[in-house]
Amino acid sequence: LSLCFPQKLWKMLESNQFRSIWWSEGGKCVAINKDLFKVEVLGRGVRQRVFNTRHIKSVIRQLNLYGFTKVQRDIQRSASLPEFLAEEAAASVHSQILYYYNPSFNRAHPWLLETCKRR
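Residues numbered from 1 in each chain as written. Predicted model: local features only at pLDDT ≥ 70, side-chain atom pairs only at ≥ 80, totals over all residues. Heavy atoms only, no water.

- You'll find the protein chain entered in an unreviewed UniProt entry as HSFY1 protein, with Chaetorhynchus papuensis given as the organism.
- The annotation that UniProt attaches to the protein chain under Sequence similarities (unreviewed entry) is "Belongs to the HSF family."
- A UniProt comment under Subcellular location (unreviewed entry) is attached to the protein chain, and it reads "Nucleus". (UniProt positions renumbered as here; feature names shortened; annotations may be inferred.)

This is how it looks when you write it as structure tokens:
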């Protein structure tokens, strides 16, 4: 039985097998650590592959096709130089994390998954 993209995504999020993808915002958003995801999920051999691609852009395209929108993170910056530099270092790590939201993809409401259709 072949699962559609949102179902595969849900299974990944609910399993404890992946460190590169998790529920964010109390189960309302999908968080993806881009670099780790490329290695951990897309770098797998053919037999263990979750998605039929090795490219993060293809996964993002699928997210968009299924109605997910990218959520921007606003990070407040400090006025003092040492704090600003520390925040910049944290922000560069933070920029590797992508956040996506779909109102039909919510951990607290698994029954909405069936309304998550390809555009």
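Having put the structure on the table, let's press on.
What about the overall build of the protein chain?
Link 1 in the chain: From N to C terminus, the protein chain includes 4 helices and 4 strands.
Link 2 in the chain: Order of helices (α) and strands (β) in the protein chain, N terminus to C terminus: α-β-β-α-α-β-α-β.
Link 3 in the chain: Taking all 119 residues of the protein chain together, the buried fraction comes to 36%.
Link 4 in the chain: Summarising the internal contacts of the protein chain: among those between residues at least 6 apart in sequence, 58% fall at separations of at least 24.
Link 5 in the chain: Accessible surface, the protein chain as shown: approximately 7,800 Å² in total, 52% of it carbon and sulfur. (Helix = DSSP H or I, 4+ residues; strand = E, 2+ residues; numbered from the N terminus. Buried < 20%, exposed > 50% of the residue type's maximum accessible area, 1.4 Å probe, protein only. Contact = heavy atoms within 4.5 Å. Areas by Shrake-Rupley, 256 points an atom, 1.4 Å probe, with all protein chains shown as cover.)

Quick word on helix H1 (residues 5-14)
Note that an α-helix has 3.6 residues per turn; residues three or four places apart therefore point the same way.
Link 1 in the chain: What H1 keeps buried is the set Phe-5, Pro-6, Leu-9, Trp-10, Met-12 and Leu-13. Looking down the long axis of H1, one finds its buried residues gathered within 160 degrees of arc, a one-sided arrangement.
Link 2 in the chain: The secondary structure elements touched by the buried residues of H1 are strand E1 (21-24), strand E2 (29-33), helix H2 (34-40) and helix H3 (56-65). (Arc of directions from axis to C-beta.)

Section: the packing of aromatic side chains
The description of two aromatic rings rests on the distance between their centres and on the angle between their planes.
Link 1 in the chain: Taken as a whole, this structure holds 7 aromatic pairs when the rule is applied.
Link 2 in the chain: Aromatic pair Phe-5 and Phe-51: ring centres 5.2 Å apart, planes at 35 degrees, arrangement tilted. Linking Phe-5 in helix H1 with Phe-51 in the loop between H2 and H3, this pair joins segments that are 46 residues apart in sequence. Each member of the pair, Phe-5 as well as Phe-51, carries the same accessibility label: buried.
Link 3 in the chain: Among the aromatic residues, those joined into a cluster by ring pairs are Phe-5, Phe-37, Phe-51 and Tyr-66. (Phe/Tyr/Trp six-rings, centres within 6.5 Å; stacked < 30°, edge-to-face > 60°.)

Description of H3
Link 1 in the chain: Listed as buried for H3 are Ile-56, Ser-58, Val-59 and Leu-63. End-on view of H3: buried residues confined to an arc of 160 degrees, all on one side of the axis.
Link 2 in the chain: Looking at the packing, one finds that the buried side of H3 touches H1, E2, H2 and strand E4 (97-101).
Link 3 in the chain: Looking one or two residues beyond H3, the residue adopting positive phi is Gly-67, at roughly 85 degrees.

Quick notes on the pairing of E4
Link 1 in the chain: Of all 5 residues making up E4, 4 are buried, and the element is well covered by its neighbours.
Link 2 in the chain: Taken together, the 5 bridges between E2 and E4 define a ladder with antiparallel strand orientation. Paired with Ile-32 across the two strands is Leu-98, which belongs to E4.
Link 3 in the chain: Sheet topology places strand E3 (residues 69-70) next to E4; 2 bridges connect them, and they run antiparallel. In the strand pairing of E4, Lys-70 is matched with Tyr-100. (Pairing = 2+ DSSP bridges.)

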